[in-house]
Each structure stands twice: as structure tokens, then as C-alpha cells.
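Structural characterization, general
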Amino acid sequence: MPTVKDQMGRKVNVPEAPLRIISLVPSQTELLYDLGLGSEVVGITKFCIYPQEWRKEKTIVGGTKQVHFDIIDQLQPDLIIGNKEENEEGFITKLAKKYPVWMSDISNLNEALDMIEMIGDLKAKEKEAEAIVVDILSGFAELEERDVPAKKAVYLIWKGPYMAAGQGTFINEMLKVAGFENQVKKDRYPELTVQEIQDLAPEVVLSSSEPYPFKDKHIEELKAELPNIEVRLVDGEMFSWYGSRLVKAPAYFKSLKASKHCCHRFGGHKTTKGGD
């Protein structure tokens, strides 16, 4: 079996033509679909919501933090694709003792593009991966051409307690290209009180549709607690998914900057990074 390095620098023995793939990350599941690997993917997580038909066609192996080892054993995968941040280290280590496990590690756009190309290489889908990368680069290039002052923002990913995206995260990088200046200077995903959010003096608080499913009622609660700060409900997939969904992100970011106030009605999106 050929040996390749994944984005964590791990050496993985991957078959030249893996035919039974399990994806443990929603955004990478969608990428596999867009690469034309419908017949090769046999297992996904319960949070893999795109493409919708795969929810019925593929075997659900668990979540992103816990998996059913017996179901995975029944599927006998010859390649499992995961992510350092989204998947729990313990079960990844256990799976890697039995199966080839290729892991992504993404904190910026370039690493996301590298991941797309690397997964394309694993399945001889180089041309398809390159086409996706070109589309993404084209869209983000248009964002760079704008000359609009960045808006000071806090991006909330959780409630009870409130947690925000900080430095060193993919969301932080997407905030930059979307035209926002992240006021949270701590690393990763720190907890914040309402007073701490107030003290950061953001112009806008962006409440994400995932992993916590912020809805209209939560926006109204935040508005009452932060009366002098604009509060928006935003599509978390556009800020945190690092696969082929990035093709759609630039147009969404443009729409956010173009609107003075974001519509609070935002439904139909499920959490993809839950605790199990």
C-alpha cells in the first residue's frame, strides 16, 4: 500500500484506489460528493447533512465525537477521513490501529485548499479537486478587491455559557475575508460573559447557526442584554465549513456586508458539531 502523509504529518498506508470510505466530518463528506465519489462512500456521521440523500443511502456510524465501532467494523472501510479539531483523539487513535485514517488539520484558507487537493489525490480526482479550488480562489479574490473598513465583531458559537471563536481558528480567518475584525484575542474558543462581550466593544455580534443552533429567540435575548450592539444571525456553514461549500462562501459574505441589518429568520440548518 502506498504511504502518504496527512495534514497532521501522520504517515498513512492508503490503498491506491480506496473503494470503501467513511467520512467523519460533514464538510468533507460534502466534498467527497462534489468530487464524484458517491459509490465509494459507505459511511458518514449523523451530522453529515449534505447531500441530503446520503442520509438514507449511507450508513450512519455515529457522530463526530463518538462513533459506533461495531458498525464501522461491519463496513470494513479501506479509508477513513477525519479532522483533528472535529473528531475526538481517542477514537481516532483506536480506529487507526485497524484502518487507514487520513486526518485534516485546517486553520486557514490555504490549508483548506490543500486538503481539497490532497483528498482529490487519494482518489485520482485531481482534476475535479483542482476545479473546485479554482472556483474558490476566484470567489475569494473578488472579496480581496473590496475597500471597505472592517467591522468589529464577536462571533458566538455556543450558548450556556456563551463561547466565541478566537484566534487560531478557521472561523477567525473567514471573519477577516468576510470583512470583520475579530475582537476576541484569546486563542481557540473562549467562554465569555455578557459583560465581557460588552467590554470587547464590538459593533456587531454574529450568532452562528452551528454548532449551537442560535435562533430568533436567542437573538432577541442577546439584543436585550446588549442593547447598543447590533446582533446578527449568520450561517455557520459559511464560516466554518472548509470543503467545497467554500465555493458559496464569498457570495454570502458579500451579502452580509451589503445589508445594514441581517434578516433574523434563518431556519433549516442543523448542528453539525455536537457533543456526540
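Before reading on, note that the structure itself is shown above.
So, here's what we can say about the structure.

Rules used throughout
Residues numbered from 1 in each chain as written. Predicted model: local features only at pLDDT ≥ 70, side-chain atom pairs only at ≥ 80, totals over all residues. Heavy atoms only, no water. Buried < 20%, exposed > 50% of the residue type's maximum accessible area, 1.4 Å probe, protein only. Helix = DSSP H or I, 4+ residues; strand = E, 2+ residues; numbered from the N terminus. Pairing = 2+ DSSP bridges. Right-handed = clockwise from strand over helix to strand, strands pointing away. Arc of directions from axis to C-beta. Contact = heavy atoms within 4.5 Å. Polar contact = N/O pair within 3.5 Å; in protein donor to acceptor, adjacent residues only side chain to side chain. Patch = residues over 30% accessible without salt bridge, like charges linked within 9 Å, V, L, I, M, F, W, Y side chains within 5 Å. Areas by Shrake-Rupley, 256 points an atom, 1.4 Å probe, with all protein chains shown as cover. Salt bridge = Lys/Arg side-chain N within 4 Å of Asp/Glu carboxyl O. Lys, Arg positive; Asp, Glu negative; His and termini not counted. Charge placed at Lys NZ, Arg CZ, Asp CG, Glu CD. Core = buried A, V, L, I, M, F, W, Y, C linked by side-chain atoms within 4.5 Å.

Brief notes about the pairing of strand β13 (residues 230-234)
Counting buried positions over the five residues of β13 gives five, a clear majority of the element. Every second residue of β13 is oriented toward a common face, with Glu230, Arg232 and Val234 on one face and Val231 and Leu233 on the other, all of them buried. Two strands pair when backbone bridges link them, and strand β12 (residues 204-208) and β13 are joined in this way by five bridges, in the parallel orientation. Its bridge partner being in β13, Val205 is matched across the sheet by Val231. Considered for its hand, the β-α-β crossover made up of β12, helix α9 (residues 216-225) and β13 is right-handed.

Things to note about helix α4 (residues 89-96)
Burial in α4 covers these residues: Phe91, Ile92 and Leu95. Along the long axis of α4, the arc covered by the buried residues comes to 105°, so they all point the same way. Packing partners of the buried residues in α4 comprise α3 (69-75), β6 (79-83) and β7 (101-104). Two or three places before Gly90, at the opening of α4, Glu88 has a side-chain oxygen 2.9 Å from that residue's backbone nitrogen.

Focus on unusual backbone geometry
Cis geometry marks the peptide bond from Tyr50 to Pro51; its omega dihedral reads -5°. Relative to the elements of secondary structure, Pro51 occurs in the loop between β4 (41-44) and α2 (54-57). With an omega dihedral of 5°, the bond running from Gly160 to Pro161 counts as a cis peptide bond. Structurally, the position occupied by Pro161 is in the loop between β8 (151-158) and β9 (162-164).

Considerations on a negative patch on the surface
Taken together, the side chains of Asp114, Glu117, Asp121, Glu126 and Glu130 present a region of like negative charge at the surface. Looking at the negative patch, the elements that each hand over two or more residues are α5 (109-122) and α6 (126-144). Top contributing element to the negative patch by residue count: α5, with three residues.

Description of the nonpolar core
Phe140, Tyr155, Phe239, Leu246 and Phe253 are the most contacted members of the largest nonpolar core, which totals 50 residues. The element that contributes the greatest number of residues to this core is α5, accounting for seven residues. Contact partners of Leu246, with chain neighbours within four places excluded, come to Leu109, Ala112, Ile136, Phe140, Phe170, Met174 and Trp241. Core analysis: the next-biggest nonpolar cluster, separate from the first, contains 16 residues, Val184, Tyr212, Ile219 and Leu222 among them.

Things to note about the pairing of β4
The pairing of strand β3 (residues 21-23) with β4 spans two bridges and is classified as parallel. When the bridges of β4 are listed, Ile21 appears paired with Val41. Each parallel crossover has a hand, and for β3 linked through helix α1 (residues 26-34) to β4 it is right-handed. Sheet topology places β4 next to strand β5 (residues 59-60); two bridges connect them, and they run parallel. By the bridge assignment for β5, Ile44 is matched with Ile60.

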